[in-house]
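Spelled out, the chains give:
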Amino acid sequence: MREAEGYMSWQHLTFVSALVCIMIICAVLIGRKLRNRDEKAKNKVLVVTAFLIDGFELFKIILICVMNKDPMRWVYVLPLFLCSIQLIAIPIAAFSKGRIKESALDFVMIFGLLGAILGTYFAGNNYACYPVISFDNVVSGITHCLAGFAALYIMVSGMNSMKKRNIHLTMIILGAFCVAAYIANIFTDCNYMFLSRGDGTPYDIIFNLVGGHPVVYPVIVVGLFVLYIGVFYYLYYLITKKMQSKNKSEQEQTKETANV
């Protein structure tokens, strides 16, 4: 295998920037096109995205098992990272109904874009070890950007609900994966959800600050996830409230002008 170009090298930044640009353009164009269509039409895009993201990941897992001649290799590539939760969350958002669907849509929107950025620009654990154009990095880049696409598409097309009554369901989804990841880390040498160590990601800052404490470090990481959800909801309500006030003001001015 050729040498890795390096984390934050121009090759790394160029490759992931190209993927992210494609992700944003596709999400905005498709989302705006379908914004005024019915939910069934909007949902078809999520169904296709779910099949694509899981298809790429399944192909990667099968190939890894074959190349390593180890049928149990899949244990080390379970969808228990923050980014890979979307492998489950997007299909739930696409195929479920009711409050479960609403919560899954919100969860994908909240964490999909964050995961896309962390899994491309800040994936020091990948780009420091493998060449930029390699199987691992290409598939990883595609799946992370599919998650980011889904998040932006949900936002632009207006599929999100962001109802306060569903916040606890979003927390439960995150909590369940964190517990599963923590248990998996105990029984394997994995670092799911980066709850064991930073592995070249920004989590290294926290890991070093607490001296790698086995309890304090994962608690802080999970706490940051929860804080992020809270901040996201707060900013969402703040922005939407301002937009509603602006629209109301414009409508009142239009009425006054019409009366004159």
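Residues numbered from 1 in each chain as written. Predicted model: local features only at pLDDT ≥ 70, side-chain atom pairs only at ≥ 80, totals over all residues. Heavy atoms only, no water.

Asks: Would you mind going over helix α6 (residues 135–157) in detail, with residue names and values included?
Replies: For α6, which comprises 23 residues, the first-to-last C-alpha distance of 32 Å matches the rise-based estimate of 33 Å (1.5 Å per residue) to within 8%. In terms of burial, α6 is largely enclosed, as 18 of its 23 residues are buried. Taken from the residues just after α6, Gly-158 is the one with a positive phi, measuring 80 degrees. (Helix = DSSP H or I, 4+ residues; strand = E, 2+ residues; numbered from the N terminus. Expected span 1.5 Å × (residues − 1). Buried < 20%, exposed > 50% of the residue type's maximum accessible area, 1.4 Å probe, protein only.)

Asks: Can you tell me about the side chain of Asn-126, naming the residues and giving the values?
Replies: Relative to the helices and strands, Asn-126 resides in helix α5 (residues 124–127). The residues touching Asn-126, leaving out its near neighbours within four places in the chain, are Asn-137 and Ser-140. (Contact = heavy atoms within 4.5 Å.)

Asks: Residue-level account of the packing of aromatic side chains, with values.
Replies: Evaluated as defined, the whole model comprises 13 aromatic pairs. Here the aromatic rings of Phe-81 and Phe-194 are separated by 5.4 Å at their centres, their planes lie at 45 degrees, and the arrangement is tilted. Taken together, the residues Phe-81 in the loop between α2 (39–67) and α3 (86–95) and Phe-194 in the loop between α7 (167–187) and α8 (203–209) connect sequence positions 113 residues apart. The exposure class assigned to Phe-81 is partly exposed, which follows from its relative accessible area of 26%. Their ring planes at 85 degrees and their centres at 5.2 Å tell us that Phe-207 and Tyr-217 sit as a pair that is edge-to-face. Taken together, the residues Phe-207 in helix α8 and Tyr-217 in helix α9 (residues 216–259) connect sequence positions 10 residues apart. On the basis of relative accessibility, which here comes to 23%, the residue Phe-207 falls in the partly exposed class. Classification of Tyr-217 as buried rests on a relative accessible area of 1%. (Phe/Tyr/Trp six-rings, centres within 6.5 Å; stacked < 30°, edge-to-face > 60°.)

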